[in-house]
Amino acid sequence: GAGVSQSPSNKVTEKGKDVELRCDPISGHTALYWYRQSLGQGLEFLIYFQGNSAPDKSGLPSDRFSAERTGGSVSTLTIQRTQQEDSAVYLCASSLVSGQQETQYFGPGTRLLVL
Amino acid sequence: AQSVTQLDSQVPVFEEAPVELRCNYSSSVSVYLFWYVQYPNQGLQLLLKYLSGSTLVKGINGFEAEFNKSQTSFHLRKPSVHISDTAEYFCAVTRNTGNQFYFGTGTSLTVIP
(Lines give C-alpha, C1' and ligand atoms only; values in the text may rest on other atoms or scores of the structure.)
Protein backbone atom coordinates (compact mmCIF):
# COMPACT_ATOMS: atom_id res chain seq x y z
CA GLY A 1 0.00 0.00 0.00
CA ALA A 2 0.93 3.56 0.68
CA GLY A 3 3.74 4.91 2.79
CA VAL A 4 4.11 5.18 6.53
CA SER A 5 1.07 6.69 8.16
CA GLN A 6 0.77 8.31 11.56
CA SER A 7 -2.18 9.39 13.64
CA PRO A 8 -3.29 11.79 14.83
CA SER A 9 -1.66 14.40 12.65
CA ASN A 10 -2.07 16.97 15.41
CA LYS A 11 -2.66 16.55 19.12
CA VAL A 12 -3.24 19.22 21.72
CA THR A 13 -3.26 18.09 25.33
CA GLU A 14 -3.05 19.50 28.81
CA LYS A 15 0.00 19.13 30.97
CA GLY A 16 -0.20 15.96 33.03
CA LYS A 17 -2.37 14.00 30.60
CA ASP A 18 -1.26 10.84 28.81
CA VAL A 19 -1.11 10.66 25.02
CA GLU A 20 -0.80 7.82 22.52
CA LEU A 21 0.67 8.27 19.08
CA ARG A 22 0.22 5.64 16.41
CA CYS A 23 2.41 4.55 13.53
CA ASP A 24 1.50 2.21 10.67
CA PRO A 25 4.68 1.20 8.85
CA ILE A 26 4.90 0.12 5.25
CA SER A 27 3.62 -3.43 4.92
CA GLY A 28 6.47 -5.93 5.14
CA HIS A 29 8.95 -3.55 6.74
CA THR A 30 10.58 -5.22 9.70
CA ALA A 31 12.38 -2.25 11.22
CA LEU A 32 10.60 0.70 12.82
CA TYR A 33 12.02 3.88 14.37
CA TRP A 34 10.55 6.72 16.43
CA TYR A 35 12.13 10.17 16.41
CA ARG A 36 11.32 13.49 18.03
CA GLN A 37 11.82 16.78 16.19
CA SER A 38 11.73 19.80 18.45
CA LEU A 39 11.71 23.37 17.17
CA GLY A 40 15.16 24.30 15.94
CA GLN A 41 16.54 20.84 16.69
CA GLY A 42 17.47 17.89 14.56
CA LEU A 43 15.72 14.59 14.72
CA GLU A 44 16.31 12.91 18.07
CA PHE A 45 16.31 9.12 18.05
CA LEU A 46 13.88 7.63 20.57
CA ILE A 47 13.43 3.90 20.01
CA TYR A 48 14.02 1.18 17.42
CA PHE A 49 12.16 -2.08 16.78
CA GLN A 50 13.46 -4.93 14.66
CA GLY A 51 11.28 -7.96 14.15
CA ASN A 52 10.79 -9.89 17.35
CA SER A 53 14.02 -8.69 18.93
CA ALA A 54 14.04 -6.60 22.08
CA PRO A 55 13.71 -2.93 21.13
CA ASP A 56 16.56 -0.48 21.44
CA LYS A 57 15.17 2.02 23.94
CA SER A 58 18.38 3.92 24.47
CA GLY A 59 16.99 7.18 23.11
CA LEU A 60 13.91 7.47 25.29
CA PRO A 61 14.34 10.68 27.33
CA SER A 62 12.57 9.51 30.50
CA ASP A 63 10.50 6.71 31.93
CA ARG A 64 7.36 8.64 30.98
CA PHE A 65 8.01 7.51 27.41
CA SER A 66 7.27 3.98 26.25
CA ALA A 67 6.51 2.25 22.98
CA GLU A 68 5.08 -1.00 21.78
CA ARG A 69 4.95 -2.75 18.48
CA THR A 70 2.19 -5.31 18.18
CA GLY A 71 2.43 -8.20 15.78
CA GLY A 72 5.52 -6.76 14.20
CA SER A 73 3.49 -4.04 12.50
CA VAL A 74 1.66 -1.14 14.15
CA SER A 75 3.51 0.77 16.84
CA THR A 76 2.24 3.03 19.60
CA LEU A 77 4.33 5.63 21.39
CA THR A 78 2.91 6.57 24.78
CA ILE A 79 3.85 9.63 26.76
CA GLN A 80 2.59 9.65 30.33
CA ARG A 81 2.06 12.77 32.43
CA THR A 82 2.97 15.04 29.53
CA GLN A 83 5.09 18.12 30.13
CA GLN A 84 5.36 21.27 28.05
CA GLU A 85 8.85 20.29 26.94
CA ASP A 86 7.32 17.22 25.27
CA SER A 87 5.82 19.51 22.64
CA ALA A 88 7.38 18.49 19.33
CA VAL A 89 6.76 16.64 16.10
CA TYR A 90 7.02 12.89 16.59
CA LEU A 91 8.17 11.04 13.49
CA CYS A 92 7.97 7.37 12.71
CA ALA A 93 10.04 5.63 10.05
CA SER A 94 10.27 2.09 8.77
CA SER A 95 12.73 0.18 6.66
CA LEU A 96 12.51 -3.11 4.85
CA VAL A 97 15.17 -4.82 6.90
CA SER A 98 17.45 -3.85 9.70
CA GLY A 99 20.86 -2.48 8.94
CA GLN A 100 22.50 0.85 8.85
CA GLN A 101 22.56 0.96 5.06
CA GLU A 102 18.83 0.71 4.75
CA THR A 103 16.74 3.63 3.60
CA GLN A 104 14.20 4.79 6.12
CA TYR A 105 10.74 5.79 4.96
CA PHE A 106 9.20 8.47 7.14
CA GLY A 107 5.63 9.22 8.04
CA PRO A 108 4.25 12.77 8.04
CA GLY A 109 4.56 13.01 11.83
CA THR A 110 2.31 13.85 14.73
CA ARG A 111 2.54 17.42 15.97
CA LEU A 112 2.08 17.37 19.75
CA LEU A 113 1.36 20.52 21.71
CA VAL A 114 1.24 20.34 25.50
CA LEU A 115 -0.46 23.32 27.09
CA ALA B 1 29.62 9.64 20.35
CA GLN B 2 28.33 10.87 17.06
CA SER B 3 27.36 14.36 16.10
CA VAL B 4 26.28 15.99 12.90
CA THR B 5 26.68 19.69 12.24
CA GLN B 6 24.82 21.60 9.60
CA LEU B 7 26.39 25.02 9.80
CA ASP B 8 23.74 26.88 7.81
CA SER B 9 20.26 26.95 9.24
CA GLN B 10 18.87 28.95 6.30
CA VAL B 11 20.13 29.26 2.75
CA PRO B 12 18.38 31.58 0.30
CA VAL B 13 19.43 31.21 -3.33
CA PHE B 14 18.13 32.50 -6.64
CA GLU B 15 16.55 30.13 -9.12
CA GLU B 16 19.04 28.47 -11.48
CA ALA B 17 21.98 29.36 -9.23
CA PRO B 18 24.21 26.67 -7.72
CA VAL B 19 23.88 25.70 -4.07
CA GLU B 20 25.95 23.87 -1.48
CA LEU B 21 24.54 22.73 1.85
CA ARG B 22 27.24 21.87 4.34
CA CYS B 23 27.38 18.89 6.64
CA ASN B 24 30.19 17.84 8.97
CA TYR B 25 30.22 14.87 11.27
CA SER B 26 32.37 13.63 14.10
CA SER B 27 33.22 9.99 14.32
CA SER B 28 36.22 7.82 14.97
CA VAL B 29 34.74 4.80 13.25
CA SER B 30 33.40 3.99 9.82
CA VAL B 31 30.10 5.63 9.08
CA TYR B 32 27.33 5.72 6.56
CA LEU B 33 26.05 9.14 5.49
CA PHE B 34 22.67 10.26 4.27
CA TRP B 35 20.85 13.33 3.06
CA TYR B 36 17.09 13.51 3.55
CA VAL B 37 14.73 16.19 2.25
CA GLN B 38 11.46 17.33 3.78
CA TYR B 39 9.18 19.22 1.43
CA PRO B 40 6.50 21.43 3.01
CA ASN B 41 3.82 19.36 4.70
CA GLN B 42 5.45 16.08 3.71
CA GLY B 43 7.51 13.42 5.45
CA LEU B 44 11.26 13.09 5.07
CA GLN B 45 12.49 11.23 2.04
CA LEU B 46 15.92 10.01 1.06
CA LEU B 47 17.92 12.14 -1.38
CA LEU B 48 21.10 10.07 -1.44
CA LYS B 49 23.40 8.01 0.72
CA TYR B 50 27.05 7.06 0.95
CA LEU B 51 27.85 3.54 2.06
CA SER B 52 31.18 2.78 0.41
CA GLY B 53 33.02 3.06 -2.88
CA SER B 54 33.06 6.24 -4.93
CA THR B 55 33.10 9.31 -2.74
CA LEU B 56 30.85 11.22 -5.14
CA VAL B 57 27.27 10.13 -4.73
CA LYS B 58 24.44 11.13 -7.03
CA GLY B 59 20.89 11.30 -5.80
CA ILE B 60 17.45 12.25 -6.97
CA ASN B 61 16.45 15.60 -8.46
CA GLY B 62 19.97 16.41 -9.66
CA PHE B 63 21.57 16.54 -6.22
CA GLU B 64 24.96 15.07 -5.44
CA ALA B 65 27.21 14.89 -2.39
CA GLU B 66 30.87 14.21 -1.85
CA PHE B 67 32.24 12.24 1.08
CA ASN B 68 35.50 13.71 2.32
CA LYS B 69 36.97 11.53 5.02
CA SER B 70 39.87 13.81 5.87
CA GLN B 71 37.55 16.75 6.41
CA THR B 72 34.76 14.60 7.84
CA SER B 73 32.32 16.31 5.54
CA PHE B 74 29.44 15.29 3.29
CA HIS B 75 28.32 18.48 1.57
CA LEU B 76 25.29 18.46 -0.69
CA ARG B 77 25.39 20.28 -4.02
CA LYS B 78 23.20 21.11 -6.99
CA PRO B 79 24.47 23.08 -9.98
CA SER B 80 21.15 24.78 -10.75
CA VAL B 81 18.24 24.92 -8.32
CA HIS B 82 14.54 25.10 -9.08
CA ILE B 83 11.70 26.64 -7.13
CA SER B 84 10.57 23.10 -6.30
CA ASP B 85 13.80 22.50 -4.37
CA THR B 86 12.55 24.76 -1.58
CA ALA B 87 12.54 22.44 1.42
CA GLU B 88 14.29 21.44 4.64
CA TYR B 89 17.40 19.30 4.15
CA PHE B 90 18.78 16.99 6.85
CA CYS B 91 22.15 15.32 6.97
CA ALA B 92 22.36 12.06 8.92
CA VAL B 93 25.08 9.64 9.96
CA THR B 94 25.08 6.17 11.39
CA ARG B 95 27.87 3.85 12.35
CA ASN B 96 28.31 0.50 10.70
CA THR B 97 27.36 -1.03 14.03
CA GLY B 98 24.43 -0.17 16.24
CA ASN B 99 20.97 1.08 15.40
CA GLN B 100 21.04 4.79 15.99
CA PHE B 101 20.86 7.40 13.29
CA TYR B 102 22.09 10.89 14.15
CA PHE B 103 20.52 13.80 12.32
CA GLY B 104 21.68 17.38 11.95
CA THR B 105 19.44 20.31 12.82
CA GLY B 106 18.51 20.85 9.19
CA THR B 107 19.06 23.53 6.57
CA SER B 108 16.12 25.41 5.17
CA LEU B 109 16.70 26.04 1.47
CA THR B 110 14.59 28.78 -0.08
CA VAL B 111 14.78 29.24 -3.83
CA ILE B 112 13.94 32.78 -4.90
CA PRO B 113 12.34 33.33 -8.32
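Being a predicted model, the structure only gives us computed values, none of them experimental.

**Comments concerning the overall build of chain A**
Right, so step 1: Secondary structure summary: chain A contains zero helices and 10 strands in total.
Right, so step 2: Put simply, chain A runs from its N terminus to its C terminus through helices and strands in the order β-β-β-β-β-β-β-β-β-β.
Right, so step 3: Computed over its C-alpha atoms, the radius of gyration of chain A comes to 13 Å, within 12% of the 13 Å expected for a compact globule of 115 residues.
Right, so step 4: Principal-axis analysis of the C-alpha atoms gives chain A an extent of 40 × 25 × 25 Å.

**Some words on the state of the cysteines**
Right, so step 1: Applying the stated criterion to the full structure yields two disulfides over all chains.
Right, so step 2: Each sulfur of the disulfide joining A:Cys23 and A:Cys92 lies 1.9 Å from the other. Residues A:Cys23 and A:Cys92 are joined through a disulfide that is left-handed, its torsion about the S-S bond being -65 degrees. Separated by 69 residues along the polypeptide, A:Cys23 in strand β3 (residues 19-24) and A:Cys92 in strand β8 (residues 88-95) bring together distant segments of the chain. The residues A:Cys23 and A:Cys92 share a single accessibility class, namely buried.
Right, so step 3: Disulfide partner of B:Cys23: B:Cys91, at an S-S distance of 1.9 Å. On the sign convention where negative is left-handed, the bridge of B:Cys23 and B:Cys91, at about -65 degrees about the S-S bond, is left-handed. Taken as a pair, B:Cys23 in the loop between β3 (19-21) and β4 (24-26) and B:Cys91 in strand β10 (residues 87-95) lie far apart in primary sequence, 68 residues in all.
Right, so step 4: Its relative accessible area of 0% is what places B:Cys91 among the buried residues.

**Re a nonpolar patch on the surface**
Right, so step 1: A surface patch of nonpolar side chains, about 280 Å² in accessible area, is lined by A:Val12, A:Leu113 and A:Leu115.
Right, so step 2: When you line up the elements, A:Val12 lands in strand β2 (residues 10-13).

**Some points on the pattern of salt bridges**
Right, so step 1: In the structure shown here, the tally under the stated rule is eight salt bridges over all chains.
Right, so step 2: A salt bridge links A:Arg36 to A:Glu44; the shortest N-O distance between them is 3.1 Å.
Right, so step 3: Taking relative accessible area as the criterion, A:Arg36 reaches 10% and is therefore assigned buried.
Right, so step 4: Look at the salt bridges and you will find they share partners, linking B:Glu20, B:Glu66 and B:Arg77 into a network.

**Points about the interface of chain A and chain B**
Right, so step 1: Contact residues are listed per partner, giving 21 residues for chain A and 21 residues for chain B.
Right, so step 2: When chain A packs against chain B, the two sides together hide about 1,700 Å² of surface, and 55% of this comes from carbon and sulfur.
Right, so step 3: Our count for the contact surface shared by chain A and chain B stands at zero salt bridges.
Right, so step 4: Where chain A packs against chain B, one counts two residue pairs in polar contact (both at pLDDT 80 or more).

**Digging into the nonpolar core**
Right, so step 1: With 28 residues, the main nonpolar core has B:Leu33, B:Trp35, B:Leu47, B:Leu48, B:Phe74, B:Leu76 and B:Tyr89 as its most contacted residues.
Right, so step 2: Looking at this core, the elements that each hand over two or more residues are β2 (10-14), β3, β5 (31-38), β6 (44-50), β8 (64-68), β9 (73-78), β10 and β12 (107-112) of chain B.
Right, so step 3: Other than its neighbours up to four places away in sequence, B:Phe74 contacts B:Cys23, B:Leu33, B:Phe34, B:Trp35, B:Leu48, B:Tyr50, B:Ala65, B:Glu66 and B:Phe67.
Right, so step 4: Residues A:Leu32, A:Ile47, A:Cys92 and A:Val114 belong to the second largest nonpolar core, which totals 20 residues.

**Details of the sheet that holds strand β1 (residues 5-7) of chain A**
Residues and elements named next belong to chain A.
Right, so step 1: The strand order β1-β3-β7-β6 describes an open sheet built from four strands, whose pairing is antiparallel. Two strands bound the open sheet, and with one partner strand each, they are β1 and β6 (65-69). The mean angle between the axes of side-by-side strands here comes to 15 degrees, regardless of whether they run parallel or antiparallel.
Right, so step 2: Pairing between β3 and strand β7 (residues 75-79): five bridges, direction antiparallel. The partner of Arg22 across the bridge, within β7, is Thr76.

Reading the values: the criteria
- Residues numbered from 1 in each chain as written.
- Chains lettered and ligands numbered in written order.
- Predicted model: local features only at pLDDT ≥ 70, side-chain atom pairs only at ≥ 80, totals over all residues.
- Heavy atoms only, no water.
- Helix = DSSP H or I, 4+ residues; strand = E, 2+ residues; numbered from the N terminus.
- Rg over C-alpha atoms; globule rule 2.2 N^0.38 Å.
- Disulfide = S-S within 2.5 Å.
- Buried < 20%, exposed > 50% of the residue type's maximum accessible area, 1.4 Å probe, protein only.
- Patch = residues over 30% accessible without salt bridge, like charges linked within 9 Å, V, L, I, M, F, W, Y side chains within 5 Å.
- Areas by Shrake-Rupley, 256 points an atom, 1.4 Å probe, with all protein chains shown as cover.
- Salt bridge = Lys/Arg side-chain N within 4 Å of Asp/Glu carboxyl O.
- Contact = heavy atoms within 4.5 Å.
- Buried area = accessible area lost by both parts, 1.4 Å probe.
- Polar contact = N/O pair within 3.5 Å; in protein donor to acceptor, adjacent residues only side chain to side chain.
- Core = buried A, V, L, I, M, F, W, Y, C linked by side-chain atoms within 4.5 Å.
- Pairing = 2+ DSSP bridges.
- Axes fitted to C-alpha atoms, helices over the stretch in contact; angles between N-to-C directions.

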